[in-house]
2 protein chains.
Amino acid sequence: MEQNILKNAALKSTKKRQVLLLLLQKQARPMTAEELHALAEPILPMNVSTVYRTLNTLTEKKILIRSVRQDGKAYYSLAKKDHSHRLVCDLCGKVIPVDTCPLSELEETLQQKTGFRITGHSLEFTGLCPECSKKDTDEK
Amino acid sequence: MEQNILKNAALKSTKKRQVLLLLLQKQARPMTAEELHALAEPILPMNVSTVYRTLNTLTEKKILIRSVRQDGKAYYSLAKKDHSHRLVCDLCGKVIPVDTCPLSELEETLQQKTGFRITGHSLEFTGLCPECSKKDTDEK
DNA sequence: TTACATGCAAATACTTTGCATATAA
DNA sequence: TTATATGCAAAGTATTTGCATGTAA
């Protein structure tokens, strides 16, 4: 699996890259370099710069998607064929993917109105997931 | 004008805060701390940490809105009553405000489907503005 | 007068880079 | 063998903080 992903991108298939890819698959949520390093360490010790370099390389090869959030950190996730948006809980950080994307139509309209050649967009909702929402209410 | 904004927020009305607020009004586009410092310097020299502290204070007081972009930098703009989104040109950085926001309806739907209590969202389109789009085409 | 604002330098957080060594192909 | 990957330490960039001094109210 991971070997193929790497080979297809003309990258050497190293154990460290495989571990990082595996972690991103298993966790199935966007993670920071720091988180990935912490998770990888017990499995296979590696330097932080290796993590950063790997994430950059994989992002350039379009294997990963990098998204910088309001906390100023870069979050990485496997690039899936279908692009999607997500709900991020302010309290527990839980992420719920949103399947609908109502923006294609809007993009069309905007291109025509503004002459802007739109190549992409980022959209993220914030709020409280059901559990945290409950907790929040209980505390009051 | 600026004095009132500051007084209303129970903040001391200093010349430096006024200059920063004025710059944000005049430029009418989101700016980084670095940009603001460079613009303020010739008018009224001030330390970078003053700029950062001022921006943080004004953001806490809801006078400014902070938005961290994909470049990892925080952009500040005056908080207007109406929330809006924008088009950002990848080449020249030009910003075009988008008046429509099609997300309220979607938020409703999502709240019901997921149980998430949505409190906000961030949306930004990227692409090329008409001028840069032309330049880009010409070069090919 | 006094609480808050500012300058300055040092510290922090996240990320990148140069160079020597190690390893997949 | 050879181009690429990695470790390590140092550097870079955006931002914050502690402390002494300055100033609006």
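Here the residue numbering is sequential within each chain, running from 1 through the sequence in written order. As a convention, the first chain written is A and the first ligand written is 1, with the rest following in written order. Only residues with pLDDT of 70 or above have their local features reported here, since the model is predicted, and side-chain atom pairs are shown and tallied only from 80 upward, although totals for entire chains, interfaces and linings are computed over all residues. Note: side-chain values were computed over all heavy atoms of the structure, leaving out hydrogens and water.

Visitor: I'd like a rundown of the nonpolar core, residues and numbers included.
Guide: Core analysis: the biggest nonpolar cluster contains 20 residues, and L21, L36, L55, L58 and L64 of chain B have the highest contact counts within it. For the purposes of this entry, the term helix denotes a DSSP run of H or I that reaches at least four residues, the term strand denotes a run of E that reaches at least two, and both are numbered from the N terminus. At the level of secondary structure, the elements contributing two or more residues to this core comprise α2 (15-27), α3 (33-40), α4 (48-60) and β3 (74-78) of chain B. Among the elements that take part in this core, α2 of chain B stands out by supplying 5 residues, more than any other. Here, two residues are considered to be in contact whenever any of their heavy atoms come within 4.5 Å of each other. If we skip the residues at most four places from it in the chain, L36 of chain B touches L20, L23, L24, M31, V51 and L55 of chain B. Listed in part, the 19 residues of the second largest apolar core include L23, A40, L58 and I63 of chain A. Here, nonpolar core refers to any group of buried Ala, Val, Leu, Ile, Met, Phe, Trp, Tyr and Cys residues whose side-chain atoms link them within 4.5 Å. Only protein chains enter the accessibility calculation, which uses a 1.4 Å probe; a residue whose area is less than 20% of its type maximum is buried, one above 50% is exposed, and one in between is partly exposed.

Visitor: Which residues make up the sheet that holds strand β2 (residues 64-68) of chain B, and what values go with them?
Guide: Residues and elements named next belong to chain B. One requirement defines pairing of two strands: DSSP has to find at least two bridges between them. Taken in spatial order, the 3 strands line up as β1-β3-β2 in an open sheet, and their pairing is antiparallel. Taken across any chain shown, the strands that pair with only one partner, and hence form the sheet edges, are β1 (31-32) and β2. Here β2 runs beside β3; their pairing, made up of 5 bridges, is antiparallel. Residue pairing for β3: S67 is matched across the bridge by Y75.

Visitor: Requested: an account of α3 of chain B, with residues and values cited.
Guide: Residues and elements named next belong to chain B. When α3 is considered as a whole, its buried residues turn out to be A33, L36, H37 and A40. Burial along α3 is one-sided: seen end-on, the buried residues are contained in an arc of 100°. The outward face of α3, more than 90 degrees from its buried face, is lined by the exposed residues E34 and A38. Tucked inside the fold, the buried residues of α3 contact α2, β1, α4 and β3. Our arc is simply the arc of the directions from the helix axis toward the C-beta atoms.

It is worth stressing that arrangement in space is one thing and function is another; only the former is reported here.
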